[in-house]
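Residues per chain, in single letters:
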Amino acid sequence: MRQSTLQTLGLGNVLEIFQNGKMPVDADNLIDRVFGEAGNRGALVISGANGIVGAGKAMQFGSRLEPFGVPIVGLDFPGTADGIGKQYPGLKDTFGQETAQRIMANIIRLNYNGSSLPDELKDLQPRFLLEAIPEILDVKKAHYRLFRKSFPEIEIRSVTSGFPASELGVGIAHPAFPHQVNKVWEIVEDKPSDITKLLWSLGLIPVPVSDHWSFVLDVLFCGITLAGLRYHEATNMPFWKIDKYIRKFVGANPFRAHDVIGAKGASFLTWSCLHHLGNTYGEVFIPTIDLTEHKDSGQNWYPPDHFRPLVNWKLDDQESDDLLNWVLGSLFQMTSLLLYENRSHLSHINAIGELCAQFRSGIIATIRNTGADKVIQRVEAYHKLHPEAAATAWHPEVFENIGDPEWQQLYVNAEHNGKTGVITINRESYNNDVDSELNRAINWLKSENIQNVIVTGDFHLATQMVGADTNEFFPALDNKDEGERIARTWSSTVRRLHNEFKVSVGYINGKRCMGGFLELMIHCHYLVTTDDVKLGMPEVTLPVVPGMEGCHWPFRKTKAEYRPKLLRFLLLGKQMKAKDTRGWLTDFTGPQEEALKMAWKLANNETREIPLRKVNENALAGIDTDISLPDPDNPGMEAARKAIMDTIQGSCGVSLSDALLVQSRHSADFMISKHCKAGMIGSAFKQVMNA
């Protein structure tokens, strides 16, 4: 339907992965190419290793490269705070003490004076330098000259937030915050390199972007910060209160994020990005006086907690619209620049907003759902408030193509070879946008006369499938009809995977598949996974009732003897390794290449070694929910268990044609209950929407 984002990495498309039965590249081979062969591997050097970025990336790379025998060198000035050491508790919590100690032992810390490199570095044969020193252009350039003089063949990438490669003279690998957790890297290079492919093979998310000031992430993140600052200038609303409204309308907390990162460094980086953007593109990016003052002082944006309740500033409808003009108007204008300059694949731009800037909905999806005319009206309203911004960096013509597949299929893509199709999903949580795009992808494959399909993640932007986007449930907390609509329409969509293809195969790789996404996958005729994928139905812990037929569909495919396993799976809410669910939830699990080959053979009717577990369309008799369970963790979990058991009995006790409505009503009934409102979703609603 559109270009696969995997193709932007020089890795082909997803269909080829299944056709070939293997990944396009593997980490072992790329490690050899980047760092040298086993027994003689050179080091990864991280300069500025005690800073927030450097220390975080030392952990992220350290955990991935230690098994390959690649040493990590943490290089910094003497006397800097021990940023690497601070990471150890988190490393231990994630990997356990033994592995954490092994990773830390592989990180060699060296000091230098800035003008010469330590002699010990030569013995470590540096092959790749990741530069994370302060955002001062002349200092960075001198740093590269120093390394190239001693190691002429070394590969260099800068983690810079704002300087383009054309200014630095090196490629860019800009990681998103939080640095030790977030896997996204904005990559600037002439063509996909072995380093970029290595990042991908190690489970990270490289995203190619063009060589312009501040790339994509910082145009969006610094841009929304600037929008809040300008609204503060116009209204004198406190920064923390503006943050609450931006979170309500957009999802991000820009001022809180600065304080969490470290206000002194973060404010300087934001000022630096906006300063250079303003010099290049004009007033829409010029930093405000408040930002300049915070950059100089290092002051936090949020006051202490006890000062905040004194301000109870509520906006009426007109004031809310004015805030949206300031915030969305400027964001829409800035995004028009990103599109005009073709800074990245539209799905990349959209995903960066969600995965990195913490937008509730990606900026491209927001523009698409708003509509071109209303977007232009919003920007024009912003220009009335800030007339100077109208002069430059405004390109309304870019919205003329909003009906193209690149705009319409941001989250779901489809490919085929004339016989077999692949549907890929690149969003980690299922929402109404994914639902609409999945329907369009199915329609497109049907129009192309494709009868066999594999449904999977995109092998790029989505490294897991965590379930339904709970933000979509906010309206259903007070409106039963809305809860029923979501459950009914989403279930109707995923039923199409079972009803409208001769063969459908769900393929799960990555870390985990949970909740609504697992419900989607079990609607395929076959479910294939890698062995170590974790599967789960955590709804009982939230608490909610599964709304995409998880309370009856798997029971209709499973032998009576396995039903107690399904009951415990639903009522405990704990994750299980996929290999422990064979026969009652999954149909095949195995090593990656075996799983890929099996998915392709099943989709093409090339094997009969896996029996088809048919869906029983009649009412199921004798669903016994009387099983032994540990005590629930809280009253909400206890209520959810009862509601789920009632839903199982009700939806299994009718025919398949009636079960969709029965389950939808049960799900909606529990959504408006006091237990759901007191749980995770209700608490999130109060925190986000009650600005």
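As shown above, the structure is provided for reference.
Residues numbered from 1 in each chain as written. Predicted model: local features only at pLDDT ≥ 70, side-chain atom pairs only at ≥ 80, totals over all residues. Heavy atoms only, no water.

> Any chance you could explain the overall build of the chain here in plain terms?
From N to C terminus, the chain includes 30 helices and 19 strands. Rg of the C-alpha trace for the chain: 26 Å, near the compact-globule value of 26 Å for 691 residues, within the 12% margin. By its C-alpha atoms, the chain is 80 × 65 × 50 Å across when sized along the principal axes. A burial count over the chain gives 60% of its 691 residues as buried. Taking the contacts inside the chain whose residues are at least 6 apart along the sequence as the reference set, 76% of them involve residues at least 24 apart. For the chain, the exposed surface amounts to about 27,200 Å²; the carbon and sulfur share of it is 48%. In the chain, which carries 71 positive and 82 negative side-chain charges, the distance between the mean positions of the two groups comes to 5 Å. (Helix = DSSP H or I, 4+ residues; strand = E, 2+ residues; numbered from the N terminus. Rg over C-alpha atoms; globule rule 2.2 N^0.38 Å. Buried < 20%, exposed > 50% of the residue type's maximum accessible area, 1.4 Å probe, protein only. Contact = heavy atoms within 4.5 Å. Areas by Shrake-Rupley, 256 points an atom, 1.4 Å probe, with all protein chains shown as cover. Lys, Arg positive; Asp, Glu negative; His and termini not counted. Charge placed at Lys NZ, Arg CZ, Asp CG, Glu CD.)

> How should the side chain of Thr196 be read in this particular structure?
Relative to the assigned elements, Thr196 resides in helix 10 (residues 194-201). Take Thr196: its relative accessible area is 3%, and that puts it in the buried class. In this structure, Thr196 is in contact with Leu9, Ile187, Glu189 and Pro206, ignoring residues within four places of it in sequence.

> I'm lost on the pattern of salt bridges in this one. Help?
Side-chain pairs of opposite charge can arise where the charged atoms are in close proximity. Evaluated as defined, the whole model comprises 28 salt bridges. What emerges from the salt-bridge pattern is a single network uniting Glu131, Glu135 and Lys140. (Salt bridge = Lys/Arg side-chain N within 4 Å of Asp/Glu carboxyl O.)

> Got a minute to help me understand empty space enclosed by the protein in this structure?
Rolled over the atoms, a probe sized like a water molecule indicates the empty space that remains. Within this structure, the stated rule accounts for five cavities of 30 Å³ or more. Taken as a whole, the largest cavity encloses approximately 70 Å³ of empty space. Considering the residues around the largest cavity, the lining is formed by Arg2, Ser4, Thr5, Val14, Tyr411, Val412, Asn413, Glu415, Thr424, Asn426 and Asp458. Considered class by class, the residues forming the lining of the largest cavity number three nonpolar, five polar and three charged. (1 Å grid on protein atoms, 1.4 Å probe; cavity = no way out; pocket = protein on both sides within 12 Å on 5 of 7 lines; lining within 4 Å. Points joined across faces, edges and corners; volume = space filled by probe spheres on them. Nonpolar A, V, L, I, M, F, W, Y, C, P; charged D, E, K, R; others polar.)

> Is there a simple way to think about the nonpolar core in this case?
In globular proteins that are soluble, nonpolar side chains generally tend to be buried together. Of all hydrophobic cores here, the largest spans 166 residues; its most connected members are Ile423, Leu518 and Leu520. The biggest single contributor to this core is helix 16 (residues 317-340), with eleven residues. Discounting chain neighbours no more than four positions away, the residues touching Ile423 are Val412, Asn413, Ala414, Leu438, Ile442, Leu445, Val453, Ile454, Val455, Thr456 and Leu497. Core analysis: the second largest hydrophobic core is formed by 61 residues, Leu91, Ile195, Leu199 and Ile454 among them. (Core = buried A, V, L, I, M, F, W, Y, C linked by side-chain atoms within 4.5 Å.)

> I'm lost on the packing of helix 17 (residues 346-355) against helix 18 (residues 363-370) in this one. Help?
Helix packing geometry: the angle between the two helix axes and the distance between the axes. Packing of helix 17 against helix 18 leaves a shortest axis separation of 6 Å and a crossing angle of 105 degrees. In terms of their interaxial angle, helix 17 and helix 18 are classed as roughly perpendicular. Residues Leu346, Ile349 and Asn350 of helix 17 pack against Ile363, Ile364 and Ala365 of helix 18. (Axes fitted to C-alpha atoms, helices over the stretch in contact; angles between N-to-C directions. Parallel < 35°, antiparallel > 145°, perpendicular 65-115°, else oblique.)

> What's the story with helix 28 (residues 656-671) in this structure? I'm lost.
Within an α-helix, residues lying three or four positions from one another point in the same direction, as the helix has 3.6 residues per turn. Look at helix 28: 23 Å from first C-alpha to last across 16 residues, which is about the 22 Å you get at 1.5 Å a residue. On its buried face, helix 28 is in contact with helix 22 (480-499), helix 23 (515-522), helix 24 (553-557), helix 27 (635-652) and helix 29 (674-678). (Expected span 1.5 Å × (residues − 1).)

> Help me understand the pairing of strand 12 (residues 452-457), please; the structure alone is not making it clear to me.
One face of the sheet, then the other: side chains in a regular strand alternate in exactly this way. Counting buried positions over the six residues of strand 12 gives six, a clear majority of the element. Sheet topology note: the strand 10 (residues 420-425)/strand 12 ladder contains six bridges and is parallel. Counted as the bridge partner of Ile423 is Val455 from strand 12. Across four bridges, strand 12 lies against strand 14 (residues 503-508) in parallel orientation. Of the residues in strand 14, the one forming a bridge with Ile454 is Val505. (Pairing = 2+ DSSP bridges.)

> It is not clear to me how the sheet that holds strand 17 (residues 534-536) should be interpreted in this structure. Could you clarify?
The strands making up a sheet associate through hydrogen bonds between their backbones, and the pairing can be parallel or antiparallel. What the three strands build is an open sheet, ordered 15-17-18; its pairing is mixed. Single-partner strands in this sheet number two, and they are strand 15 (512-514) and strand 18 (576-577). In this sheet, strand 18 lies alongside strand 17 in antiparallel orientation, the contact comprising two bridges. When the sheet's bridge partners are listed, Lys534 is paired in strand 18 with Lys577. Contacts from helix 23 reach strand 15 and strand 17, with the element oriented near 90 degrees to strand 15.

> Teacher, can you tell me more about the sheet that holds strand 14 here?
Taken together, six strands build an open sheet; the order of strands is 9-10-12-14-16-19 and the sheet is mixed. If you trace the sheet from one side to the other, it starts and ends with strand 9 (412-416) and strand 19 (588-590), each paired once. Direction aside, neighbouring strands of the sheet carry axes that sit 20 degrees apart on average. Direction of pairing for strand 16 (residues 526-530) relative to strand 19: parallel, over a ladder of three bridges. The partner of Thr529 across the bridge, within strand 19, is Thr589. Where helix 23 meets the sheet, its contacts fall on strand 10, strand 12, strand 14 and strand 16, and the angle it forms with strand 14 comes to roughly 145 degrees. In the packing of helix 26 (residues 592-603) onto the sheet, the strands contacted are strand 10, strand 12, strand 14, strand 16 and strand 19, and the crossing angle to strand 14 comes to about 165 degrees.

> How should I be thinking about the packing of aromatic side chains in this particular structure?
Given two aromatic rings, one states the distance between the centres and the angle between the planes to describe the pair. Tallied over the full model, the rule gives 21 aromatic pairs. Here the aromatic rings of Phe18 and Tyr507 are separated by 5.2 Å at their centres, their planes lie at 90 degrees, and the arrangement is edge-to-face. Of this pair, Phe18 sits in helix 1 (residues 14-20) while Tyr507 is found in strand 14, placing the two residues 489 residues apart along the sequence. Judged by its relative accessible area of 0%, Tyr507 falls in the buried class. Three or more aromatic residues joined by ring pairs make a cluster, and in this case those are Tyr430, Phe473, Trp490 and Phe517. Sitting above the plane of the Trp271 ring, Lys295 keeps its charged end 4.1 Å from the centroid. Lying over the aromatic face of Tyr411, Arg427 brings its terminal NZ or CZ to 5.4 Å of the ring centre. (Phe/Tyr/Trp six-rings, centres within 6.5 Å; stacked < 30°, edge-to-face > 60°. Lys NZ or Arg CZ within 6 Å of the ring centre and 35° of its normal.)

> Could you clarify how one ought to interpret the state of the cysteines in this entry?
A covalent bond between the sulfur atoms of two cysteines is referred to as a disulfide. In total, this model carries zero disulfides according to the counting rule given. Considering cysteine sulfurs only, Cys222 is the nearest to Cys356, which forms no disulfide, with 13 Å between them. Cysteine Cys524 shares no disulfide, and the gap to the nearest cysteine sulfur, in Cys513, comes to 10 Å. (Disulfide = S-S within 2.5 Å.)

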